[in-house]
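# Structural overview for review
As a plain string of letters, each chain reads:
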Amino acid sequence: MNRNRKRRRRRRAAFGTYIMLIVSLLLLIGGVTMVVENWTASVQAAWNLETSDVSEDDWQRILVNRWHPIPENYMPELTELWNGESVDIRIYPDLQEMFDNARAAGLEPSVSSGYRTHQAQQSLMDQEIADYISRGYSEGEAKEMAEQWVAIPGTSEHQIGLAVDISVEDGSGQAASDVWQWLRENSYKYGFILRYPEDKTDITGISYEPWHYRYVGKETAEEIYRQGVCLEEYLK
Ligand SMILES: [Zn+2]
């Protein structure tokens, strides 16, 4: 064998190795992409399971906000309060106990808004938008501002019967802020959380609402209270 042929064969062998290397690299990238995609899909599935599918014992922690609308066909079983408002029947005993103890502390709380139908939520939104328009805002601005205060229909916790707006009894002469102060410190003992805290508006998508309380069950409420997080953060 002469030298030239040897060199050519060596060059051909080197070329083959390069091709093999490139093919392996491409396969590796493909494999990694598939693994990452599968992982993302499974995380997504777990998230959906946690937030949308309402299992029998997970109803207390259902996440409803502008990014997580109420699952279709969600129908709470309601019970009516003495003033005509209603709530999910499962939260009634704890709500009653919370109010009893607030009264024992000399306060006179009252549920000013409990369960709302989709229609009622829509009317509330339409009214809020009309208010902003009457104050000189454009339709687009009015809508944007209204959505800071009123949940978009289909995304309100009032529509699942687990939220209550709490004020004071008419004619009691009390300041609602005294009731809110008491609730802020005690509501977790009865399974309720301040749902839209002042420092979490970016995460909840709703402005600070000292009157809006959400039932999540005693265990979850205590953890949320102690950790100083909002429901979105807790569920993550
Ligand atoms: Zn509310």
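About the cut-offs
- Residues numbered from 1 in each chain as written.
- Predicted model: local features only at pLDDT ≥ 70, side-chain atom pairs only at ≥ 80, totals over all residues.
- Heavy atoms only, no water.
- Helix = DSSP H or I, 4+ residues; strand = E, 2+ residues; numbered from the N terminus.
- Buried < 20%, exposed > 50% of the residue type's maximum accessible area, 1.4 Å probe, protein only.
- Contact = heavy atoms within 4.5 Å.
- Areas by Shrake-Rupley, 256 points an atom, 1.4 Å probe, with all protein chains shown as cover.
- Donors = N, O, S within 2.8 Å, 3.2 Å for Na, K, Ca; no water.
- Core = buried A, V, L, I, M, F, W, Y, C linked by side-chain atoms within 4.5 Å.
- Expected span 1.5 Å × (residues − 1).
- Arc of directions from axis to C-beta.
- Polar contact = N/O pair within 3.5 Å; in protein donor to acceptor, adjacent residues only side chain to side chain.
- pLDDT = per-residue confidence, 0-100.
- Pairing = 2+ DSSP bridges.
- Axes fitted to C-alpha atoms, helices over the stretch in contact; angles between N-to-C directions.

## Focus: the overall build of the chain
Counting its regular elements, the chain contains eight helices and six strands. When the helices and strands of the chain are placed in sequence order, the string is α-β-β-α-β-α-α-β-α-β-α-β-α-α. Relative to its 236 residues, the chain shows a buried fraction of 39%. The long-range share in the chain, meaning contacts at least 24 apart out of those at least 6 apart in sequence, stands at 67%. Accessible surface, the chain as shown: approximately 14300 Å² in total, 53% of it carbon and sulfur.

## Considering the coordination of the zinc ion
The textbook angles at a metal center are 109.5 degrees for a tetrahedron of four donors and 90 or 180 degrees for an octahedron of six. Looking at the zinc ion, the protein donor atoms are H158 (NE2), D165 (OD) and H212 (ND1), and they sit 2.0 to 2.1 Å from it. Sequence spacing among the residues donating to the zinc ion works out to H-x6-D-x46-H. Here H158, found in the loop between α4 (139–149) and β4 (163–168), pairs with H212, found in strand β6 (residues 212–215); they are 54 residues apart in sequence, far enough to count as distant. Relative accessible area serves as the criterion here: at 3%, H158 is assigned to the buried category.

## Concerning the nonpolar core
In this structure, L95, M98, V164, I166 and F192 are the most contacted members of the largest nonpolar core, which totals 28 residues. Those elements giving two or more residues to this core turn out to be α2 (92–104), β4, α5 (176–186), β5 (192–194) and β6. In this view, V164 contacts V87, L95, V111, S113, G114, H158, F192, W211, H212 and Y213; residues no more than four positions away in its chain are not counted. Core analysis: the next-biggest nonpolar cluster, separate from the first, contains nine residues, L63, I193, A221 and L231 among them.

## Topic: α2
The terminal C-alpha atoms of α2 lie 18 Å apart, and with 13 residues this matches the ideal 18 Å at 1.5 Å per residue to within 8%. Among all positions of α2, only D94, L95, M98, F99 and A102 are buried. Each buried residue of α2 lies within a common arc of 135 degrees when the element is viewed along its axis, so the set occupies one face. Structural note: α2 exposes P93 and A104 on the side pointing more than 90 degrees away from its buried face. Among the residues trailing α2, G106 stands out with phi positive, at a value near 90 degrees.

## Thoughts on the side chain of R195
Relative to the assigned elements, R195 resides in the loop between β5 and α6 (201–204). Only 2.9 Å separates the side chain of R195 from the side chain of E232, close enough to count as a polar contact. The contact partners of R195, leaving out residues within four places of it in the chain, are L63, V64, N65, E157, T204, H212, R214, L231 and E232.

## Things to note about the confidence of the model for the chain
Model confidence for the chain is summarised by a mean pLDDT of 86, while 76% of its residues fall at 70 or above. Segment residues 35–53 is flagged for pLDDT under 50; beyond a separation of four residues in sequence, or across chains, it makes eleven contacts in the model.

## Considering the side chain of D165
Looking at where D165 falls in the secondary structure, it is placed in strand β4. Within the structure, D165 has its side chain in polar contact with the side chain of H212 (distance 3.3 Å). Those residues in contact with D165 that sit more than four places away from it in its chain are S110, V111, S112, S113, R116, H158, W211 and H212.

## Considerations on the sheet that holds β4
Taken in spatial order, the four strands make up an open sheet running β3-β4-β6-β5, and their pairing is antiparallel. Of all the strands in the sheet, the pair left with one neighbour each is β3 (109–113) and β5. The mean inter-strand angle of the sheet, taken between neighbouring strand axes irrespective of direction, is 45 degrees. Sheet analysis places β4 next to β6, joined by three bridges and oriented antiparallel.

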